[in-house]
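Residue-level structural notes
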Amino acid sequence: MKIKIEEYRNNLLFYTILKNIIKCKLRENKLEEFENYIKENINLGYNKLIEFLKMQIVRENVKTYEDYLILINLCDEDNYDMWCDLTILSIELLLCKNLILAETKTYAKTQYSEDIENIKDKLSFNYDLINLEYPYGQRVINALLVYALTNTNRKNEFILESSGKVIKKLNNLIINISNKYNINANNVFMIIMDESINQSIISTAGSSYESRVESVLLNISDNVRPHVHDKNITSVEYDYTFELDGKVYGVSAKRTLRERYKQNFEDVHQLSVEAVFLITLGIDLNEEKLNNIMQRHGYFIVVSQEMYNSQSYFKKNKRVISSENFNADNLRKLFSQYV
């Protein structure tokens, strides 16, 4: 497919307008005011409208005024009509941005909550997958909602009933401007939404592997401490320690091991803890890695139930524990034999 220079330039202008409006950090009422100023005064012509806009919306003493000037100065006599049309469309789309983000979070959170409630083992592979599905799900539903909003060749339906009214309002505007300037509203706006959803995911992501490990440990012990250095060899640090029946145990929590299994682990006799638990999903823990770790006395490995069931070499080694059996009662039985 060959992209025409005009098509590239128009879409670039559209994206640049969107970005600069965002940089202006205008509240919803200011966005609406900005749009109305353009609509009501577009017949003034280039020079008068630009001068008029420079005195409105963002004041000179405001921090974002420089960004606002850049936005205004994207307009010139040659692209006047297109700048006005694309700015109006950009404002309409940005007014829908928070709606889309809210619906994205609501839908993904609902699905996540329903799925996660059915799995009790927080160290299982399935639980881990669902935690990945949460941020992935936000990206997927975000893309579907943007497509529903900007695509004009299909019946559009949002999750929330009220959102349908917003889509109908935008449809004709998107069709007219897209055809007039040969822009792709869906793809360009999707860039903006991707940036926003990525920021949102950081604050709403599912629980980390380490926090899930801590949650499981708190069911085993009332005394769980994060990031503790060994008292005998201070260069050794545990992700957690926990106390059971008056004795302290070290924990290293690694979702996947990669090459970290080659680290020079100290024999437990040299450490201040009674034993060390390496907690991992087990998806990259092959027999060679397992044997390497198990050369050290006092080391135990906890792997997800799914991995434990899938590999016979896990079941053959009594110091490998399935996540399902990682509890206080089973630990006491193990300690009576190996600690």
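Now for a description of the structure that goes with this document. (Residues numbered from 1 in each chain as written. Predicted model: local features only at pLDDT ≥ 70, side-chain atom pairs only at ≥ 80, totals over all residues. Heavy atoms only, no water.)

1. Let's talk about the pattern of salt bridges
The line we're drawing: Any carboxyl oxygen of Asp or Glu that lies within 4 Å of a side-chain nitrogen of Lys or Arg is treated as forming a salt bridge with it. In DSSP terms, a helix is any run of H or I states spanning at least four residues, a strand is any run of E spanning at least two, and both are numbered starting from the N terminus. Any residue under 20% of the maximum accessible area for its type is buried, any over 50% is exposed, and the rest in between are partly exposed; the area is computed with a 1.4 Å probe on protein chains only.
Throughout the structure, instances matching the rule amount to ten salt bridges. Among the salt bridges present, the one from Lys30 reaches Glu33, with a minimum N-O distance of 3.6 Å. You can see Lys30 and its partner Glu33 sitting in helix α2 (residues 28–41), three residues apart, about one turn around the helix. Relative accessible area serves as the criterion here: at 27%, Lys30 is assigned to the partly exposed category. One salt bridge connects Lys180 with Asp85, and the closest N-O pair in it is separated by 3.1 Å. Linking Lys180 in helix α7 (residues 163–181) with Asp85 in helix α5 (residues 80–116), this pair joins segments that are 95 residues apart in sequence. Salt bridges sharing common partners tie together Asp128, Arg212 and Arg255.

2. As for helix α9 (residues 209–220)
Our working rule: By this rule the span expected of a helix is its residue count minus one, scaled by 1.5 Å. It is the directions from the helix axis to the C-beta atoms whose arc is reported.
Between its first and last C-alpha atoms α9 spans 17 Å; for twelve residues at 1.5 Å apiece the expected length is 16 Å, and the two agree. Within the sequence span of α9, burial applies to Tyr209, Arg212, Val213, Val216, Leu217 and Ile220. One side of α9 carries all its buried residues, which in axial view fall inside an arc of 140 degrees.

3. Section: the packing of aromatic side chains
Rule in force here: The criterion for an aromatic pair is that two Phe, Tyr or Trp rings (for Trp, the six-membered ring) have centres within 6.5 Å, with stacked assigned to planes under 30 degrees apart, edge-to-face to planes over 60 apart and tilted to the rest.
All chains considered together, the criterion is met by 13 aromatic pairs. Measuring from ring centre to ring centre gives 6.3 Å for Tyr46 and Tyr80, while their planes differ by 80 degrees; the resulting arrangement is edge-to-face. Of this pair, Tyr46 sits in helix α3 (residues 46–54) while Tyr80 sits in helix α5, placing them 34 residues apart in sequence. Seen from their ring centres, Tyr65 and Tyr68 are 6.4 Å apart, and the 40 degrees between their planes marks the pair as tilted. A residue pair is termed a helical-turn pair when its members lie 3 or 4 positions apart in one helix, as Tyr65 and Tyr68 do in helix α4 (residues 65–73) at three residues. You'll find Tyr65 and Tyr68 in the same group, each marked buried.

4. Things to note about the nonpolar core
Put simply, the test is: In these notes, a set of buried Ala, Val, Leu, Ile, Met, Phe, Trp, Tyr and Cys residues joined through side-chain atoms within 4.5 Å is what counts as a nonpolar core. Note on contacts: a residue pair qualifies if any of its non-hydrogen atoms lie within 4.5 Å across the two residues.
Among the nonpolar cores identified, the biggest contains 50 residues, and Phe14, Phe34, Leu53, Tyr68, Trp83, Leu86 and Phe189 are the most heavily contacted of them. Elements supplying a minimum of two residues to this core: α1 (5–23), α2, α3, α4, α5, α6 (125–150), α7 and α8 (185–204). With 13 residues, the single largest contributor to this core is α5. Residue contacts for Phe34: discarding those within four places in its chain leaves Leu26, Leu53, Ile57, Tyr68, Leu71, Ile72, Trp83, Thr87 and Ile91. Tyr209, Ala275, Leu331 and Phe335 belong to the second largest nonpolar core, which has 25 residues in total.

5. Overview of helix α10 (residues 287–294)
What counts is decided by this rule: Any pair of N or O atoms that falls within 3.5 Å is considered a polar contact. Within protein, one atom must be able to donate a hydrogen and the other to accept it, and sequence-neighbouring residues count only if both atoms are side-chain atoms.
Looking at α10, one finds that the buried residues are Lys289, Leu290, Ile293 and Met294. Seen from one end, α10 has its buried residues packed into an arc of 125 degrees, which puts them on one side. Contact partners of the buried residues in α10: β4 (276–279), β5 (299–303), α12 (312–316) and β6 (320–322). Two to three positions downstream of the cap, the backbone nitrogen of Glu288 sits 3.2 Å from a side-chain oxygen, assigning the N-cap of α10 to Asn286.

6. Points about a negative patch on the surface
For clarity, the cut-off: Nonpolar side chains (Val, Leu, Ile, Met, Phe, Trp, Tyr) are joined into patches within 5 Å and like charges within 9 Å, using only residues with over 30% relative accessible area and no salt bridge. The protein chains shown are the only cover counted for residues, whose accessible areas, like all others here, come from Shrake-Rupley with a 1.4 Å probe. Two residue types count as positive, namely Lys and Arg, and two as negative, namely Asp and Glu; His and chain ends fall outside the count. Charge positions come from single atoms, namely NZ of Lys, CZ of Arg, CG of Asp or CD of Glu.
A surface patch of like charges, here negative, comprises Glu114, Asp115, Glu117 and Glu133. Take Asp115: it is sitting in helix α5.

7. Concerning the sheet that holds strand β3 (residues 247–253)
Worth spelling out the cut-off: Any two strands with at least two DSSP bridges between them are considered paired. Angular values range over 0 to 180 degrees, each being the angle between N-to-C directions of two axes fitted as lines to C-alpha atoms, with helices fitted over their stretch in contact.
The strand order across the open sheet built from six strands is β1-β2-β3-β4-β5-β6, with neighbouring strands paired in mixed fashion. Each having just a single partner strand, β1 (224–229) and β6 make up the two edges of the open sheet. Pairwise comparison of adjacent strand axes, ignoring direction, gives a mean angle of 30 degrees for this sheet. Pairing between β1 and strand β2 (residues 237–244): five bridges, direction antiparallel. Considered in β2, the bridge of Arg225 is made with Thr241. Running over the sheet, α9 touches β1, β2, β3 and β4 and is turned about 15 degrees from β2.

8. Focus on the packing of α2 against α5
Basically, it comes down to this: The cut-offs work like this: below 35 degrees is roughly parallel, past 145 is roughly antiparallel, 65 to 115 is roughly perpendicular, and the gaps in between are oblique. The hand of a helix crossing depends on one turn: near helix anticlockwise from the far one by less than a right angle means left-handed, and clockwise means right-handed. In this classification, the charged set is Asp, Glu, Lys and Arg, the nonpolar set is Ala, Val, Leu, Ile, Met, Phe, Trp, Tyr, Cys and Pro, and all remaining amino acids, among them Gly, are polar.
Relative orientation of the contacting elements α2 and α5 amounts to 155 degrees, with a least axis distance of 10 Å. Taken as axis vectors, α2 and α5 run roughly antiparallel relative to one another. For the crossing formed where α2 meets α5, the hand is left-handed. Where α2 abuts α5, its residues Glu28, Leu31, Glu32, Phe34, Glu35, Ile38, Lys39 and Asn41 lie against Tyr80, Trp83, Cys84, Thr87, Ile88, Ile91, Glu92 and Leu95. Partitioned by chemical class, the residues of the contact of α2 with α5 number nine nonpolar, two polar and five charged.

9. Regarding unusual backbone geometry
You will see that Lys25, though not glycine, has its phi angle at about 55 degrees, which is positive. The residue Lys25 is located in the loop between α1 and α2 in this model. Owing to a relative accessible area of 69%, Lys25 belongs among the exposed residues under this scheme. Despite not being glycine, Asn182 has its phi angle at roughly 55 degrees, a positive value. Residue classification places Asn182 among the partly exposed residues on the basis of a relative accessible area of 38%.

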